[in-house]
Number of protein chains: 2
Amino acid sequence: MSDTVVVGLDVGGTSTRAAALTLTGERLGSGRGGGGNPTSHGAERAAAELLTALRGALAGVDPARVRAGTIGLAGAARLLADPAGRAAFDRAWAQAGLRCPYAVHGDALVAYASGTAAADGTVLIAGTGAIAAQVRDLRLDRVADGHGWLLGDAGSGFWLGREAVRHLLADLDRGSAPGPLGARVLTELLGSAEVAPRPRDTVDTLVQAVTRQAPVELARLAPLVVTAAVEGEPAAVDLIGQAAAHLAESASRIRPAGAAAPIVLGGGLLTGDTPLAAAVRAEARRRWPDAPVRTAGDGAAAAAWLAARDLPEVTDPAALHALLVPATA
Amino acid sequence: MSDTVVVGLDVGGTSTRAAALTLTGERLGSGRGGGGNPTSHGAERAAAELLTALRGALAGVDPARVRAGTIGLAGAARLLADPAGRAAFDRAWAQAGLRCPYAVHGDALVAYASGTAAADGTVLIAGTGAIAAQVRDLRLDRVADGHGWLLGDAGSGFWLGREAVRHLLADLDRGSAPGPLGARVLTELLGSAEVAPRPRDTVDTLVQAVTRQAPVELARLAPLVVTAAVEGEPAAVDLIGQAAAHLAESASRIRPAGAAAPIVLGGGLLTGDTPLAAAVRAEARRRWPDAPVRTAGDGAAAAAWLAARDLPEVTDPAALHALLVPATA
């Protein structure tokens, strides 16, 4: 048993991470590649980043010791439905010297497993977009939102950015001077916080500046809202509260009121000590007072744990989780 | 004075209307052309439709009798700033045989003047988009919203259509059967009200169907909301109420609380006996109990009145309005 190694990969839009772990929790190696989301980068490019990360994690490890592996990535279902994409991943796996099979799971499941060993629960993710998923027996079951910026992603980074601009436009319509958040948004989009003598001119320039970009670029303004909220600006605090309510509402579409199963928060806006994470925790306490709320952590280690669970020598998956996956809040 | 004729034009996105009127209110002619918004159709095409409508209105009228004219159109400021566009309009005016000068005003001002003769007031327009404007001395003064579908147009046809889809997606997320409005939206977008055995498949198909079109096409769903609201479906009635609140909020950005000056409702969603018009009237009564709320009417006649007002023989513009512009609610 001490010879057995498991490998986990967390393939994200900006980086790919790999971990090689023994079943006693010894981390034999870590690897890193560039962004490898097959939906946005193509399966070939994703497979190349996967191989880079795998080689990093397996440097100095005999690949014959690896008995199981899991890859977590966004658009997993689409990859599995595409024979060419699947073949590219198979090739990368073999090129790394691995002969064991591997499983592919959605990034939401891996985020969930990075926060808890419980077989059933909810994962709520807010980054550029937003999605909630119910996990049942460590499989993604029902999903809420994730509908994209035009129709959904309520409470996401896109949503926060768009609402920050809308708040500023309303101030300009009223002829009010923009507050600190509005000034930050003006500076980010127009290079200066100055308002034209006719505020409508600034309105027109702002609308043009935003519509020249892809809509999803509005997510780049989300950190301005977070910073302003940390500084206590009421407008930003209010937007954060609204975003948290939207995220909790999305989760409530698939999670029964009062459910006690854990909730894992993931995505750039909910991991770490952010005001949105705090506001979502408060919403969760209100709706699901008996549920532990965790933060997503090491996705590669969680993927390795998902791989290890099915090995015959693993009799206590929860104990193994404690060994393999670093604890988060 | 009885010899004097004034000409008015209302240039819209789907049609152009012209009216030739005497100062005693006799309608000498009416003309109609195709859509002529210079922003969307180009100034040359807009000028051609203008000429068609003008010729219709002036058939059998000696053009030398025409002493003044006004053209109301969306994007008036942009046309006036464009020498080539202005020249195309000048040419059409001359080709119709007119030698008097003409004024160009925004369509919002013409919509306002089609509902009231008061020099000061508010116009609130909801069609595909939504905008509110304060009128001061019969000029457009401050403007609220009109920010476009990505950042604004709250309460517009686009907004109603998008919210109808969002409501349906939330029902599908919950695993609830869509209500009558959701069924209408499904049928309109997917050709059938049937939901797949896995509702998430219907969610994905819906999101794809919407994102394949231009976002503004969502406005085509607004009539479904209006019809469902007329039939009393709670979800539709609720969306109509929210839209009305958004529209009133936009107006309140530029109109003082309790102001008594008239409010004119314009645009396809607010003219006629629609549930949104009724809901906006209720919002207006609550915020501005002393203000008369009127409905926009004959834009071409209102444009003719705006032209006539400045003639030296016109001493009572309000009395002239009563003669020239058909009364609305």
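For the structure, see preceding data.
Residues numbered from 1 in each chain as written. Chains lettered and ligands numbered in written order. Predicted model: local features only at pLDDT ≥ 70, side-chain atom pairs only at ≥ 80, totals over all residues. Heavy atoms only, no water.

Trainee: Got a minute to help me understand the overall build of chain A in this structure?
Mentor: Of the regular secondary structure elements, chain A holds 13 helices and 10 strands. The C-alpha atoms of chain A give 22 Å as radius of gyration, which agrees with the globular expectation for 329 residues (20 Å, within 12%). Taken over the C-alpha atoms alone, chain A extends approximately 75 × 45 × 30 Å along its principal axes. Sequence separation of 24 or more characterises 66% of the internal contacts of chain A that already satisfy a separation of 6 or more. Charge centroids of chain A, computed over 30 positive and 33 negative side chains, lie 2 Å from each other. (Helix = DSSP H or I, 4+ residues; strand = E, 2+ residues; numbered from the N terminus. Rg over C-alpha atoms; globule rule 2.2 N^0.38 Å. Contact = heavy atoms within 4.5 Å. Lys, Arg positive; Asp, Glu negative; His and termini not counted. Charge placed at Lys NZ, Arg CZ, Asp CG, Glu CD.)

Trainee: Explain the interface of chain A and chain B here, please?
Mentor: By a widespread convention, an interface's size corresponds to the accessible area lost as its parts come together. The partner chain B presents 29 residues to the 29 residues of chain A that form the contact. Between chain A and chain B, a total of about 2400 Å² is buried, with carbon and sulfur atoms accounting for 60% of that surface. If you sort the residues of chain A by the area they bury against chain B, A:Leu150, A:Leu151 and A:Asp173 come out on top, with a joint share of 29%. Inspection of the region where chain A meets chain B yields 4 salt bridges. (Buried area = accessible area lost by both parts, 1.4 Å probe. Salt bridge = Lys/Arg side-chain N within 4 Å of Asp/Glu carboxyl O.)

Trainee: Explanation requested: empty space enclosed by the protein in the structure shown.
Mentor: Residues and elements named next belong to chain B. Per the stated rule, a full pass over the model turns up 3 cavities of 30 Å³ or more. When its volume is computed, the largest cavity comes out at roughly 50 Å³. Lining the largest cavity are Thr122, Leu124, Ala248, Ala251, Arg255, Ile263, Val280, Ala284 and Trp288. Taken together, the elements giving at least two residues each to the lining of the largest cavity come down to strand E6 (121-126), helix H10 (234-252) and helix H11 (275-287). Taken together, the residues of the lining of the largest cavity break down into 7 nonpolar, 1 polar and 1 charged. (1 Å grid on protein atoms, 1.4 Å probe; cavity = no way out; pocket = protein on both sides within 12 Å on 5 of 7 lines; lining within 4 Å. Points joined across faces, edges and corners; volume = space filled by probe spheres on them. Nonpolar A, V, L, I, M, F, W, Y, C, P; charged D, E, K, R; others polar.)

Trainee: Could you clarify how one ought to interpret the relation of the copies chain A and chain B in this entry?
Mentor: Between the two copies of the chain lies a relationship made up of a rotation around an axis and a movement along it. With an RMSD of 0.1 Å, the fit of chain A onto chain B corresponds to turning through 180° and sliding 0.1 Å along the axis. Seen this way, the second copy is the image of the first under a two-fold rotation axis. If distances are taken from each C-alpha of chain A to the rotation axis, the shortest is found for A:Leu150, at 4.0 Å. Mapped onto chain B, 100% of the interface residues of chain A are again interface residues, and the two copies thus contact each other with one and the same surface. (Least-squares fit on C-alpha atoms with pLDDT ≥ 70 in both.)

Trainee: Even after reading the chapter, I still don't get the environment of A:Arg174, so can you show me in this structure?
Mentor: Structurally, the position occupied by A:Arg174 is in helix H6 (residues 157-174). Ignoring any residue separated from it by four or fewer positions in sequence, one finds A:Arg174 in contact with B:Arg142, B:Glu249 and B:Arg253.

Trainee: Would you mind showing me how to read the sheet that holds strand E8 (residues 139-145) of chain A here?
Mentor: Backbone-to-backbone hydrogen bonds pair the strands of a sheet. The strands run either parallel or antiparallel. All names here are of chain A. The strand order E8-E7-E6-E9-E10 describes an open sheet built from 5 strands, whose pairing is mixed. Strands at the two margins of the open sheet, each flanked by one partner only, are E8 and strand E10 (293-295). For this sheet the average axis-to-axis angle between neighbouring strands, irrespective of direction, equals 25°. Taken together, the 4 bridges between strand E6 (residues 121-126) and strand E9 (residues 263-266) define a ladder with parallel strand orientation. Opposite Ile125, over in E9, you have Gly266 as the bridge partner. (Pairing = 2+ DSSP bridges. Axes fitted to C-alpha atoms, helices over the stretch in contact; angles between N-to-C directions.)

Trainee: Honestly, the environment of B:Leu50 in this entry has me stumped. Any pointers?
Mentor: Residue and element names in this part refer to chain B. Among the secondary structure elements, Leu50 is positioned in helix H2 (residues 43-58). Spatially, the C-alpha atoms of Leu50 and Gly36 are 7.1 Å apart, while their sequence positions differ by 14 residues. Setting aside anything within four residues of it in sequence, one finds Leu50 in contact with Leu9, Val11, Thr16, Ile71, Phe89 and Ala92.

Trainee: It is not clear to me how the side chain of B:Thr202 should be interpreted in this structure. Could you clarify?
Mentor: Along the polypeptide, B:Thr202 turns up in helix H8 (residues 199-212). What B:Thr202 contacts, discounting residues up to four positions off in sequence, is B:Leu172, B:Leu186, B:Leu190, B:Glu194, B:Val195 and B:Ala196.

Trainee: Could you clarify how one ought to interpret the packing of aromatic side chains in this entry?
Mentor: The geometry of two aromatic rings is summed up by the distance between their centres and the angle between their planes. All chains considered together, the criterion is met by 5 aromatic pairs over all chains. Relative to A:Tyr102, the ring of A:Trp93 has its centre 4.7 Å away and its plane inclined at 40°; by these criteria the two rings are tilted. Take A:Trp93 and A:Tyr102: they sit in the same class, and that class is buried. Every member of this aromatic cluster is reached through a ring pair, and the members are A:Trp149, A:Phe158, B:Trp149 and B:Phe158. Its guanidinium or amino end placed over the ring of B:Trp288, B:Arg255 lies 5.1 Å from that ring's centre, counting from NZ or CZ. Seen from the ring of B:Trp305, B:Arg309 lies directly overhead, with NZ or CZ sitting 5.5 Å from the centre. (Phe/Tyr/Trp six-rings, centres within 6.5 Å; stacked < 30°, edge-to-face > 60°. Buried < 20%, exposed > 50% of the residue type's maximum accessible area, 1.4 Å probe, protein only. Lys NZ or Arg CZ within 6 Å of the ring centre and 35° of its normal.)

Trainee: So what exactly am I meant to see when it comes to the pattern of salt bridges here?
Mentor: A side chain with one charge can pair with a side chain of the opposite charge if their charged atoms come near. One pass over the structure, following the stated rule, counts 40 salt bridges over all chains. The residue A:Asp201 makes a salt bridge to A:Arg198 at a minimum N-O spacing of 2.9 Å. Residue class for A:Asp201 comes out partly exposed when judged on its relative accessible area of 33%. Salt bridges sharing common partners tie together A:Asp171, A:Asp173, A:Arg174, A:Arg200, A:Asp204, B:Glu249 and B:Arg253.

Trainee: Got a minute to help me understand the pairing of strand E4 (residues 66-73) of chain A in this structure?
Mentor: Every regular strand shows the same layout, with side chains that alternate between the two sheet faces. Residue and element names in this part refer to chain A. Burial within E4 is extensive, with 7 of its 8 residues counted as buried. Here strand E1 (residues 5-11) runs beside E4; their pairing, made up of 7 bridges, is parallel. Residue pairing across strands places Leu9 opposite Ile71, the latter belonging to E4. Pairing of E4 with strand E5 (residues 102-106) involves 5 bridges; the strand directions are parallel. For Leu73, the partnering residue across the bridge sits in E5 and is Gly106.

Trainee: Please clarify how the sheet that holds strand E3 (residues 27-34) of chain A should be interpreted in this entry.
Mentor: Residues and elements named next belong to chain A. Spatially, E3-E2-E1-E4-E5 is the arrangement adopted by the 5 strands of the open sheet, whose pairing is mixed. A strand with exactly one partner marks an edge of an open sheet, and here the two such strands are E3 and E5. Adjacent strand axes in the sheet meet at a mean angle of 15°, parallel and antiparallel pairs treated alike. Where helix H2 (residues 43-58) meets the sheet, it contacts E1, strand E2 (15-22), E3 and E4, and its direction lies at approximately 155° from that of E3.

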